[in-house]
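These are the residues of each chain, in order.
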Amino acid sequence: MSPSSPRLVEIIGGGLAGLGLALGLRQADIPVVVHEAGRYPRHRVCGEFITSLDDRTIDRLALRPHLHDALPATSVTWFRDRTLVHRHDLPEPALCLSRHTLDQRLAEALIAAGGELHTDSRQPLQPAEGRVITAGRRPDSQSPWIGLKLHLAALPLAADLELHLGRRAYVGLTRIEKDQVNLCGLFHRDNIDPAHRTSSDVIVNHLLGAGLGHLASRLANATAVPDSRCAVAGLDYRSTAASDFDGSLGDHGALIPPFTGHGMTMAFQSAALAVEPLVAWARRQQDWPATLRKIDQLQQHHLRPKLRRAANLHGWLLNPKRQRILLGLARYHLLPTRTVYRLLH
């Protein structure tokens, strides 16, 4: 490579942030290599519900052709136990598309754009010049929160998005492609006593442990999509600012609570904010420390406030007493859902 050639950007992690960033860099003819520990297509624990994805991010990462058939979602219902307590519409349509489909499309697009993609390639998560880490959630062995996900067929929904609040848990259901439903839930690991499990089904056990037996019974009348079950443990949703930014983007940088439906969007936005500084580094217009500082400034300005606000509200959805207060306000139309939506998105 000649001194005038752009430098290579190495990306560790081929999820939404990693593939999106790579596609954005390839639009600027920057050489890029992505290392992904798994393979495509694959199922991931994810709400598969994309809210307020802005045109600038879509265009910067060349996402538009990959989202053309995402299902629009506008209506939301909130349940506590088996009772419908609130119904409202989103200020703007969300997009519903499975990670199984979207990740595969982005991976194929990256190769077609001239990017280098290595699957089954587990690399050390150590900061280095020219390296960006987008390797997904950082597990916290002390965190009690578990994420579970399943695709189902033949499951009618009361709205485009159903949200079910349980004991130290909540679950979202939304329609995705192929007339399937994505079920994704956050559960406390201590909700169920292993000695009192009533089923070998992990998701059913956690639904019953959270007091969501009515939802578990609905699943019995639906058909689980083979190989779609997946889980992730040690989820940490505390909003903490890194003292020394190391080039971590997407969920590896910070994790927004799933009730916002904003996790996929923030992964893309995190990547889009990093494109311009990385292009400048690759073209030898600034050094690596200056590049990291610029990316960090952009992330802190555009994303950190959303993370803080979401973390503050998250506890209200997981505490039974606070749940009752929150839903009581909603029932009497005293909860400004549109204002809350804007603050979180």
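For the structure, check the block above.
Cut-off values and rules
- Residues numbered from 1 in each chain as written.
- Predicted model: local features only at pLDDT ≥ 70, side-chain atom pairs only at ≥ 80, totals over all residues.
- Heavy atoms only, no water.
- Helix = DSSP H or I, 4+ residues; strand = E, 2+ residues; numbered from the N terminus.
- Rg over C-alpha atoms; globule rule 2.2 N^0.38 Å.
- Buried < 20%, exposed > 50% of the residue type's maximum accessible area, 1.4 Å probe, protein only.
- Pairing = 2+ DSSP bridges.
- Axes fitted to C-alpha atoms, helices over the stretch in contact; angles between N-to-C directions.
- Contact = heavy atoms within 4.5 Å.
- Expected span 1.5 Å × (residues − 1).
- Polar contact = N/O pair within 3.5 Å; in protein donor to acceptor, adjacent residues only side chain to side chain.
- Phe/Tyr/Trp six-rings, centres within 6.5 Å; stacked < 30°, edge-to-face > 60°.
- Core = buried A, V, L, I, M, F, W, Y, C linked by side-chain atoms within 4.5 Å.
- Salt bridge = Lys/Arg side-chain N within 4 Å of Asp/Glu carboxyl O.
- Parallel < 35°, antiparallel > 145°, perpendicular 65-115°, else oblique.
- Nonpolar A, V, L, I, M, F, W, Y, C, P; charged D, E, K, R; others polar.
- Disulfide = S-S within 2.5 Å.

(A) The overall build of the protein, seen in detail. Helices and strands together make up the secondary structure of the protein, namely 10 helices and 13 strands. For 345 residues, the compact-globule estimate of 2.2 N^0.38 gives 20 Å, and the protein sits close to it at 20 Å. Summarising its shape, the C-alpha atoms of the protein cover approximately 65 × 40 × 40 Å along the three principal directions. Counting the 345 residues in the protein, one finds 54% classified as buried.

(B) Just the sheet that holds strand S7 (residues 131–133), in detail. Across the sheet, 4 strands lie side by side as S6-S2-S1-S7; this open sheet has parallel pairing. In this open sheet, the two edge strands, each paired with only one partner strand, are strand S6 (116–118) and S7. Geometrically, the sheet is characterised by an average inter-axis angle of 15° between neighbouring strands, direction not taken into account. Bridge count between strand S1 (residues 9–12) and strand S2 (residues 32–35): 4 bridges; the pairing is parallel. Looking at the pairing, Glu 10 lines up with Val 33 of S2. Contacts from helix H3 (residues 99–112) reach S2 and S6, with the element oriented near 135° to S6.

(C) Highlighting helix H9 (residues 320–331). Taking 1.5 Å of rise per residue, 12 residues should cover 16 Å, and H9 covers 16 Å from first to last C-alpha, within 8% of that figure. When we look at burial in H9, the residues that qualify are Gln 323, Leu 326, Leu 327, Gly 328 and Ala 330. Buried residues belonging to H9 abut strand S4 (71–80), strand S5 (83–96), strand S9 (161–166), strand S10 (169–176) and helix H8 (304–318). By the N-cap criterion, in which a side-chain oxygen at the helix start approaches the backbone nitrogen of a residue two or three places on, H9 is capped by Asn 319, the distance to Lys 321 being 3.0 Å.

(D) Representation of the side chain of Asp 103 in the model. Examined against the element boundaries, Asp 103 turns out to sit in helix H3. A relative accessible area of 0% places Asp 103 in the buried class. For Asp 103, the side chain forms a polar contact with the side chain of Arg 42, separated by 3.0 Å. Here Asp 103 is in contact with Leu 16, Leu 19, Tyr 40, Arg 42 and Arg 44, once residues within four sequence places are set aside.

(E) The packing of aromatic side chains, seen in detail. Evaluated as defined, the whole model comprises 2 aromatic pairs. Aromatic pair Trp 281 and Trp 288: ring centres 5.1 Å apart, planes at 70°, arrangement edge-to-face. Residues Trp 281 and Trp 288 agree in their burial class; the two are buried.

(F) Expanded view of the nonpolar core. In terms of nonpolar packing, the biggest core is built from 46 residues, with Leu 21 and Leu 25 touching the most fellow members. Only S1, helix H1 (16–27), S2, H3, helix H6 (263–282) and helix H7 (288–302) provide two or more residues apiece to this core. The dominant element in this core, judged by the number of residues it contributes, is H6, at 11 residues. Other than its neighbours up to four places away in sequence, Leu 21 contacts Ile 11, Leu 61, Val 132, Leu 249, Ala 271, Ala 274, Val 275 and Leu 278. Membership of the second largest hydrophobic core comes to 32 residues, among which are Leu 235, Ile 256, Leu 303 and Leu 318.

(G) How the structure looks around the environment of Ala 310. Within the secondary structure, Ala 310 sits in helix H8. Residues Ala 310 and His 262 lie 48 residues apart in sequence; the distance between their C-alpha atoms is 9.9 Å. Contacts of Ala 310, omitting those with residues within four sequence positions, involve Ile 256, Pro 257, Phe 259, Thr 260 and Leu 344.

(H) A look at the pattern of salt bridges. Applying the stated criterion across every chain yields a total of 16 salt bridges. Put simply, Arg 64 and Asp 55 hold a salt bridge, and the shortest N to O gap is 3.8 Å. Among the charged side chains, a network of salt bridges with common partners joins Glu 36, Arg 42, Arg 99 and Asp 103.

(I) Spatial organisation of the packing of H8 against helix H10 (residues 337–344). At their nearest, the axes of H8 and H10 sit 8 Å apart, and the two run at 130° to each other. Here H10 runs oblique to H8, going by the angle between their axes. Of H10, the residues touching H8 (which contributes Lys 306, Arg 309, Ala 310 and Leu 313) are Val 340, Leu 343 and Leu 344. Class assignment of the residues belonging to the contact of H8 with H10 gives a composition of 5 nonpolar, no polar and 2 charged.

(J) Spatial organisation of the state of the cysteines. The final tally for this structure, using the stated rule, is 0 disulfides. A disulfide-free cysteine, Cys 46 has its sulfur positioned 6.7 Å from the sulfur of Cys 184, the nearest such atom. Overall, Cys 46 belongs to the buried group, its relative accessible area being 9%. Cys 96 takes part in no disulfide bond, and the closest cysteine sulfur to it belongs to Cys 46, at a distance of 11 Å.

(K) Inspection of the pairing of strand S11 (residues 180–188) at higher detail. Counting buried residues in S11 gives 9 out of 9 residues, a clear majority hidden from the surface. Side-chain alternation along S11 places Gln 180, Asn 182, Cys 184, Leu 186 and His 188 on one buried face and Val 181, Leu 183, Gly 185 and Phe 187 on a second face that is also buried. When strand S8 (residues 145–153) meets S11, the two strands line up antiparallel, connected through 9 bridges. Within S11, the position partnered with Trp 145 by the bridge is His 188. Where S10 meets S11, 8 bridges bridge the pair, whose relative direction is antiparallel. From the neighbouring strand, Thr 174 faces S11, where its bridge partner is Asn 182. Between S10 and S11, which follow one another and run antiparallel, lie 3 residues, and Lys 178 among them has a positive phi close to 65°.

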